[in-house]
Each structure stands twice: as C-alpha cells, then as structure tokens.
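Given next are the chains, with one letter for each unit.
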Amino acid sequence: RNLGGDVAMLVRDVIRVRTAPQRLQLYDDKASSAIREWCVAFNDVRASVVEVVSRWDELHHIQALPLIQRQTLAMEALQVYAPLGHALGMGAISSSMEDICFKELFPEPYHRTARWLEAAMEPAERALYAAQ
C-alpha cells in the first residue's frame with residue numbers, strides 16, 4: 001500500500017512473467033515463442049527485464065540443486081528467457097545465460113567447443129596484438 005499502485009502493478013506483472021513458463025507442457029519453439037510474445041505484449045516491459053535478470057542470476061547459483069531441477073531451469077531459460085532478453089536488447093546477459101544453459105544441458109559438447117575456441121583464439125589474439 002505504501003509504494004503505490006504503479007509498483008503494485010509492476011510486481012503483479014513480474015509474478016505473471018515468472019510463472020508464465022509453468023503454463024507450458026512442452027518447451028518447443030512454438031509454445032516458447034508464444035510465451036515470450038505474451039510476456040512483452042500483455043505485461044509491463046520492465047517486468048520482463050526484471051525476470052530476465054533474475055533468471056540470469058538464478059542460473060549462477062544452481063549447482064546445489066538436483067540435476068533434473070538444474071536441467072529444467074536451464075531449458076526454461078534457454079527457450080524462454082534468453083531469447084526474451086535478446087528481444088529486449090539485453091544481448092550480453094542473454095548470451096551469458098545461453099552459455100550457462102548449454103554448459104548445464106550439454107556439458108561434453110560445451111567443453112569440447114570451449115577448448116576448440118581457446119585454441120583458435122590464441123593465434124588470432126597474437127595477430128591482433130602484432131597489428132596494433
């Protein structure tokens with residue numbers, strides 16, 4: 001009551017955006033896209049920004065959770081919140097979220113790709129340093 005109606009509406013929208021993925025039975029592209037569109041079209045855009053950042057932060061602290069819960073959170077973030085963040089212009093946070101999700105969902109391919117990128121970057125970095 002003390003914060004006013006605008007804050008109350010924003011909090012309501014944040015809760016709606018947070019619980020939106022629970023309405024999905026399957027995280028396929030069509031359903032995930034519909035949820036993202038709903039989040040932006042029918043809620044205060046600030047609520048979507050708050051929830052994207054909240055999910056990004058949550059992903060940094062999931063290691064203590066059971067495997068199935070970690071994978072569920074990662075899949076939800078990868079299908080709903082990372083693309084939503086990209087759509088809202090939050091590219092750096094969304095990219096970081098995608099990295100965490102891929103690392104959680106596909107650990108072996110993620111680590112192989114990371115090693116390959118590290119090996120490819122070293123010669124490129126040397127060439128950039130020499131060109132300066």
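Bear in mind that the values here come from a model prediction, so they are computed numbers and not experimental data.

At a closest axis distance of 10 Å, the pairing of helix α3 (residues 45-59) and helix α4 (residues 67-87) adopts a crossing angle of 140°. When the interaxial angle is binned, α3 and α4 end up oblique. For the pair α3 and α4, the crossing hand works out as left-handed. Where α3 approaches α4, its residues S48, E51, V52, R55, E58 and L59 are matched on the opposing element by L73, A74, E76, A77, Y81, L84 and G85. Among the residues making up the contact of α3 with α4, the classes are represented as seven nonpolar, two polar and four charged.

Attention now moves to a nonpolar patch on the surface. Taken together, the side chains of L3, V7, V11 and I15 present a nonpolar region at the surface, about 370 Å² in accessible area. Within the fold, V11 resides in helix α1 (residues 5-19). A residue is classified by how much of its surface remains accessible, and V11, at 44% relative accessible area, is partly exposed.

Attention now goes to α1. Look at α1: 21 Å from first C-alpha to last across 15 residues, which is about the 21 Å you get at 1.5 Å a residue. Where α1 is concerned, the buried positions are D13, V14 and V17. Projected down its long axis, α1 shows its buried positions confined to an angular sector of 105°, all on one face. Buried residues along α1 sit against α2 (29-41), α3 and α4.

Attention shifts here to the packing of aromatic side chains. Scanning the model with the defined rule gives one aromatic pair in all. Relative to F106, the ring of F102 lies with its centre 6.0 Å away and its plane at 35°, an arrangement referred to as tilted. Residue class for F102 comes out partly exposed when judged on its relative accessible area of 37%.

Mean pLDDT over the chain: 88, with 97% of residues reaching 70 or higher. Within the chain, no element has a lower average pLDDT than α2, which sits at 79, and none a higher one than helix α5 (residues 91-105), at 96.

Where side chains of opposite charge bring their charged atoms close, a pairing between them can arise. Here the structure, examined in full by the defined rule, presents eight salt bridges. Between R55 and E58 there is a salt bridge, and its shortest N-O distance comes to 3.8 Å. Here the residue R55 and the residue E58 both occupy positions in helix α3, the gap between them amounting to three residues, near one helical turn. Residue R126 is joined to E122 by a salt bridge in which the shortest nitrogen-to-oxygen separation is 3.4 Å. One end of the pair is R126 and the other is E122, both in helix α6 (residues 107-131) and four residues apart, which spans about a single turn. With relative accessibility at 47%, the residue E122 sits in the partly exposed group. What you see here is one network of salt bridges that share partners, running through R18, E51, R55, E58 and E76.

Another point: the nonpolar core. Note on soluble globular proteins: their nonpolar side chains tend to be buried together. If you look at the biggest cluster of nonpolar residues, it comprises 23 residues, and the most contacted ones within it are C39, V52, L59, Y81, M97 and C101. For this core, the secondary structure elements donating two or more residues are α1, α2, α3, α4 and α5. Examining the composition of this core, we find that eight residues originate from one element, α4, more than from any other. Apart from the residues lying within four places of it in its own chain, the contact partners of L59 are L73, A74, A77, M97, I100 and C101.

About the thresholds
- Residues numbered from 1 in each chain as written.
- Predicted model: local features only at pLDDT ≥ 70, side-chain atom pairs only at ≥ 80, totals over all residues.
- Heavy atoms only, no water.
- Axes fitted to C-alpha atoms, helices over the stretch in contact; angles between N-to-C directions.
- Helix = DSSP H or I, 4+ residues; strand = E, 2+ residues; numbered from the N terminus.
- Parallel < 35°, antiparallel > 145°, perpendicular 65-115°, else oblique.
- Left-handed = near helix turned anticlockwise from the far one by under 90°.
- Contact = heavy atoms within 4.5 Å.
- Nonpolar A, V, L, I, M, F, W, Y, C, P; charged D, E, K, R; others polar.
- Patch = residues over 30% accessible without salt bridge, like charges linked within 9 Å, V, L, I, M, F, W, Y side chains within 5 Å.
- Areas by Shrake-Rupley, 256 points an atom, 1.4 Å probe, with all protein chains shown as cover.
- Salt bridge = Lys/Arg side-chain N within 4 Å of Asp/Glu carboxyl O.
- Buried < 20%, exposed > 50% of the residue type's maximum accessible area, 1.4 Å probe, protein only.
- Expected span 1.5 Å × (residues − 1).
- Arc of directions from axis to C-beta.
- Phe/Tyr/Trp six-rings, centres within 6.5 Å; stacked < 30°, edge-to-face > 60°.
- pLDDT = per-residue confidence, 0-100.
- Core = buried A, V, L, I, M, F, W, Y, C linked by side-chain atoms within 4.5 Å.

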